[in-house]
Amino acid sequence: NNITNGTSPSSTAKDNGNNNSEEITYVALEVISAHLAHLNKIENQVSREKDLLLDLNKQLGISISDSTNSEELAQCLNKLTEEQVCDYFESVHVCVDLQRNASESLLREMERISQGGGDVSVSSDVMDTSACSNNGVMDGLPQSPLPSKSNGLERVQRDLGAQF
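A short tour of the structure in this document, coming up.

The rules behind each value
- Residues numbered from 1 in each chain as written.
- Predicted model: local features only at pLDDT ≥ 70, side-chain atom pairs only at ≥ 80, totals over all residues.
- Heavy atoms only, no water.
- Helix = DSSP H or I, 4+ residues; strand = E, 2+ residues; numbered from the N terminus.
- Buried < 20%, exposed > 50% of the residue type's maximum accessible area, 1.4 Å probe, protein only.
- Contact = heavy atoms within 4.5 Å.
- Areas by Shrake-Rupley, 256 points an atom, 1.4 Å probe, with all protein chains shown as cover.
- Salt bridge = Lys/Arg side-chain N within 4 Å of Asp/Glu carboxyl O.
- Core = buried A, V, L, I, M, F, W, Y, C linked by side-chain atoms within 4.5 Å.
- Expected span 1.5 Å × (residues − 1).
- Patch = residues over 30% accessible without salt bridge, like charges linked within 9 Å, V, L, I, M, F, W, Y side chains within 5 Å.
- Lys, Arg positive; Asp, Glu negative; His and termini not counted.
- Charge placed at Lys NZ, Arg CZ, Asp CG, Glu CD.
- Polar contact = N/O pair within 3.5 Å; in protein donor to acceptor, adjacent residues only side chain to side chain.

Secondary structure summary: the protein contains five helices and zero strands in total. Counted from the first residue to the last, the protein has its helices and strands arranged as α-α-α-α-α. In the protein, buried positions account for 23% of the 164 residues. Restricting to contacts in the protein with at least 6 residues of sequence separation, those with at least 24 account for 56%. Accessible surface, the protein as shown: approximately 11,500 Å² in total, 51% of it carbon and sulfur.

Another point: the environment of His35. Mapped onto the secondary structure, His35 falls in helix 2 (residues 21-60). Accessibility expressed as a relative area gives 38% for His35, which makes it partly exposed. Distance from His35 to Leu107, taken between C-alpha atoms, is 9.9 Å for residues 72 residues apart in sequence.

With that settled, consider the pattern of salt bridges. The tally for this structure, following the rule as stated, stands at three salt bridges. Put simply, Glu30 and Arg112 hold a salt bridge, and the shortest N to O gap is 2.7 Å. One end of the pair, Glu30, is in helix 2; the other, Arg112, is in helix 4 (residues 82-114), and 82 residues separate them in sequence. In this structure Arg112 comes out as buried when scored by relative accessible area, which is 9%. Of the charged contacts, one joins Arg100 and Asp97 as a salt bridge, the two residues approaching to 2.7 Å between their closest N and O atoms. Residue Arg100 and its partner Asp97 are both found in helix 4; the two are separated by three residues, about one turn of the helix.

Further remarks concern the environment of Glu49. Within the fold, Glu49 resides in helix 2. Discounting residues that sit within four places of it in the chain, Glu49 has contacts with Cys95 and Gln99.

Before going further, it helps to examine the nonpolar core. Core analysis: the largest hydrophobic core is formed by seven residues, namely Leu56, Leu60, Ile62, Ile64, Leu73, Cys76 and Leu80. At the level of secondary structure, the elements contributing two or more residues to this core comprise helix 2 and helix 3 (70-77). The contact partners of Leu56, leaving out residues within four places of it in the chain, are Ile64, Leu80 and Tyr88.

Before going further, it helps to examine helix 4. Here helix 4 is 33 residues long and its end C-alpha atoms lie 48 Å apart, about the 48 Å a rise of 1.5 Å per residue gives. Taken together, the buried positions of helix 4 are occupied by Cys95, Ala102, Ser105, Leu106, Glu109, Arg112 and Ile113. Residues of helix 4 that are buried sit in contact with helix 2.

With that settled, consider a negative patch on the surface. On the surface, Glu82, Glu83, Asp87 and Glu90 cluster together to form a negatively charged patch. On the basis of relative accessibility, which here comes to 39%, the residue Asp87 falls in the partly exposed class.

Before going further, it helps to spend a moment on the side chain of Glu109. Tracing the backbone shows Glu109 in helix 4. Of note is the side chain of Glu109, whose polar atom sits 2.8 Å from the side chain of Arg112.

Within the secondary structure, Gln45 is located in helix 2. With sequence-adjacent residues up to four places away left out, Gln45 is seen in contact with Cys95, Leu98 and Gln99.

Keep in mind these values describe shape, not function.
Below you can see the structure in the form of structure tokens.
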């Protein structure tokens, strides 16, 4: 198969006159599903990180931003105990670890997809591999995390637009 020998799905379609359209569709659905799952994980993590900073803001009684005066911030930071600073440090470290793990997970999934890894099981938070029957969807393909055509292209564009 062309995916495992290093050619891209788009070049495969051009070279074979789109004879591999089912395989290309399958690969595209897998990549989209893995990418969306990754974005959800990262968005949840960013939300947790914002909460950490908001909690620190409350402890200090100021709002920390890029425009915060360093001297004012340093004076407020003097109010923190060693334990509070260590807790904040450890919390940020956990956030970074979780982000790295999410990125490594996506990279592993991308590698599995590029190798044509049909035998490797994928966790349900990455991809739904339940077979579809009739309804105009090919059997054996993963279910797309995107809305169906009946929901309209406008909804897909709105949903993606809200994300970025």
